[in-house]
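Structure assessment
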Amino acid sequence: MRTTSRGLIAALALTPVLTGCFAPGDSDTGAGSGGRLRVALAVPPVQALSPYSNDATVLSKLSVAEGLTALDENGTAKPALAKSWKQDGDTTWTFELRKAEFQDGTELTARAVVDALDHASAAKPKPRVLSDVSLTAKADDADTVTLTTKSPDPVLPLRLASPALAILSAKAYAKDGSASPVGTGTGPFELTRLSGKSKATLDRFDGYWGGKAKAPGIDVSWIADGTARANALRGGETDVAEWIPTAQAKLLDKKTRHEVPSVRTDSLILNTGSGLFTDAGLRAAARQAVDGSALVDSVFGGYADPAQGLFGPAVPWAAGKRTEVTGRAEAATAAEVKTGAKGRTLRLATYTNRAELPEAAAVLQQQLEKAGFTVKQDVREYTQMEGDLLAGKYDALVFSRVTLLDTGDAVDYLASDFTSEGVYNIAGLKDAAVDKAIRAAAAERDTAGRQEKIMRAEAAILRTDAVVPLVHEQAVQGIADDVEGVILDPRERSLIDVDTRLK
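Here is what the cut-offs are and how they apply
Residues numbered from 1 in each chain as written. Predicted model: local features only at pLDDT ≥ 70, side-chain atom pairs only at ≥ 80, totals over all residues. Heavy atoms only, no water. Domains from an automatic or database assignment. Contact = heavy atoms within 4.5 Å. Buried area = accessible area lost by both parts, 1.4 Å probe. Salt bridge = Lys/Arg side-chain N within 4 Å of Asp/Glu carboxyl O. Polar contact = N/O pair within 3.5 Å; in protein donor to acceptor, adjacent residues only side chain to side chain. Nonpolar A, V, L, I, M, F, W, Y, C, P; charged D, E, K, R; others polar. UniProt positions renumbered as here; feature names shortened; annotations may be inferred. Helix = DSSP H or I, 4+ residues; strand = E, 2+ residues; numbered from the N terminus. Buried < 20%, exposed > 50% of the residue type's maximum accessible area, 1.4 Å probe, protein only. Expected span 1.5 Å × (residues − 1). Pairing = 2+ DSSP bridges. Axes fitted to C-alpha atoms, helices over the stretch in contact; angles between N-to-C directions.

For the protein, the assigned domains are domain 1 (33-64 + 187-256 + 480-502), domain 2 (66-173) and domain 3 (263-473). The C-alpha-based centres of domain 1 and domain 3 are spaced at 29 Å. Facing the 20 residues of domain 1 at the interface are 22 residues of domain 3. Buried area between domain 1 and domain 3, summed over both chains or domains, comes out near 1600 Å², and the portion from carbon and sulfur atoms is 53%. Residue Glu 492 is joined to Arg 264 by a salt bridge in which the shortest nitrogen-to-oxygen separation is 2.5 Å. Where domain 1 touches domain 3, the interface holds 8 residue pairs in polar contact (both at pLDDT 80 or more). Split by residue class, the side of domain 1 that touches domain 3 holds 11 nonpolar, 3 polar and 6 charged.

The next subject is the UniProt feature "domain: Solute-binding protein family" (unreviewed entry) in the protein. The UniProt record marks residues 77-421 with the feature "domain: Solute-binding protein family" (unreviewed entry), using the residue numbering of this structure. Here residues 77-421 runs as 26% helix and 25% strand, with 26 Å between its end C-alpha atoms.

Below, the discussion takes up the pattern of salt bridges. One pass over the structure, following the stated rule, counts 27 salt bridges. In this structure, Arg 38 and Asp 239 form a salt bridge, with 2.9 Å as the shortest nitrogen-oxygen distance. Residue Arg 38 is located in strand β1 (residues 37-41), and its partner Asp 239 is located in the loop between α4 (226-234) and β11 (240-241); the two are separated by 201 residues in the primary sequence. The class of Arg 38 is partly exposed, set by a relative accessible area of 31%. Here the residues in one salt-bridge network are Asp 378, Arg 380, Asp 388 and Lys 393, joined through shared partners.

Here we come to helix α10 (residues 356-370). Residue pairs three or four apart in sequence face the same way in an α-helix, which turns once every 3.6 residues. Here α10 contains 15 residues, and its C-alpha end-to-end distance of 22 Å stays within 8% of the 21 Å for a straight helix at 1.5 Å per residue. The positive-phi residue at the C-terminal boundary of α10 is Gly 372, with phi of around 110°.

Quick look at the sheet that holds strand β6 (residues 135-141) now. Strand order in the open sheet formed by 4 strands is β4-β5-β7-β6, and the pairing between neighbours is antiparallel. A single partner strand is all that each edge strand has here, and the edge strands are β4 (82-87) and β6. When the angles between neighbouring strand axes are averaged without regard to direction, this sheet yields 25°. In this sheet, strand β7 (residues 144-149) lies alongside strand β5 (residues 92-97) in antiparallel orientation, the contact comprising 5 bridges. The partner of Thr 94 across the bridge, within β7, is Thr 146. In this fold helix α2 (residues 110-122) packs onto β5, β6 and β7, with an angle of close to 170° to the strand it touches most, β6.

Spelled out as structure tokens, the structure:
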């Protein structure tokens, strides 16, 4: 059989892998006779699909751009634009590039890779995947790149699989530091038009090194309302609708409803940097007040599991290595909450892109008010509030996070979200013990040892009550019955690739 790894979930593609005896790049796979794919995505682009923003995952979901590496079904690094690599020392790695070309017709060269990685390192804000590493790239010859890190980084090949480190052609990069993926990627689909935050057009890139895609193109619509996405699928207006709300899932035909184990954890993030929750006793009171298990059936319709920590069932090694949380602050009583709050209102935020979150926020508001807090909600579309979240303008956030999104390595998530210098530290957490625990995990090369230290870091984070895990989600993807080859990815990094097409 033809074996094509597609991130974590090659084995979960909707249809069996097509027969044949070659791998991508060994032969032209040919184009299918089906029409263009229509795809409805949930979160509108924040920064014109810049790889340096949360938009980066769209570039990998739709196979527009690639990095030096990718992730296989086991979450380990596999070749992408780099055909091979080796570690030359604690801090030095050499990558050999494959023959490939950009969608603007220029060749992939070592110089192009160096320029792309230099631009990523210089981006402001820096991409989350680089929040805990300093990376230097050098072209040895036309096809060889040497990467050096300031300190040992045993998971560098995993890091390079991040959508934020996609390699784009020279014309992608502007003098102001921005990067545009329009016509500058290397993937099987070329982004030819981006219409604001509502639509995008992708055409098949026939020069793709991995063979021609079976679909001639993709027409993308961003539909933030989950019910509207589900209705678009039911009404035949789209072929693929991601993130179907759990309330809508059972209304879909069984043939079009596809459940996916997810590494997504929904949590209550508490702002430790300013406002009410600089008080550890108030954070502990909030943690005691909320009950995520109450959300499993009432809000998620059974498409979730009660949270055990930051990592759930889709991270199979976590449960057996979980460390007991000790040293938490004593929770304030209801009377002490009212006194400690000093008449201040708890500003509770969430966003509409995931339909369950506003419902969850309503339940949590009741739980928090029962504990003595006065709560006011702010519910908006995510792109409208991200800046305020990072600026610490809320006391608490009901937040849904893919914990293995950026590299497939949990350390990267922990570093970006919970270290003192983390670029996505919405909790504003600055805790020396947490920083130390995450650094220890980052330095560990042995896989089992790294996992154990990750779970110690989890315990250190939970001790602070900066984050209160609520549920581990199960994703529901809506896919029309006449579509095959859509990727069901627990990491939510892949969706459409060369094999996806209309039947």
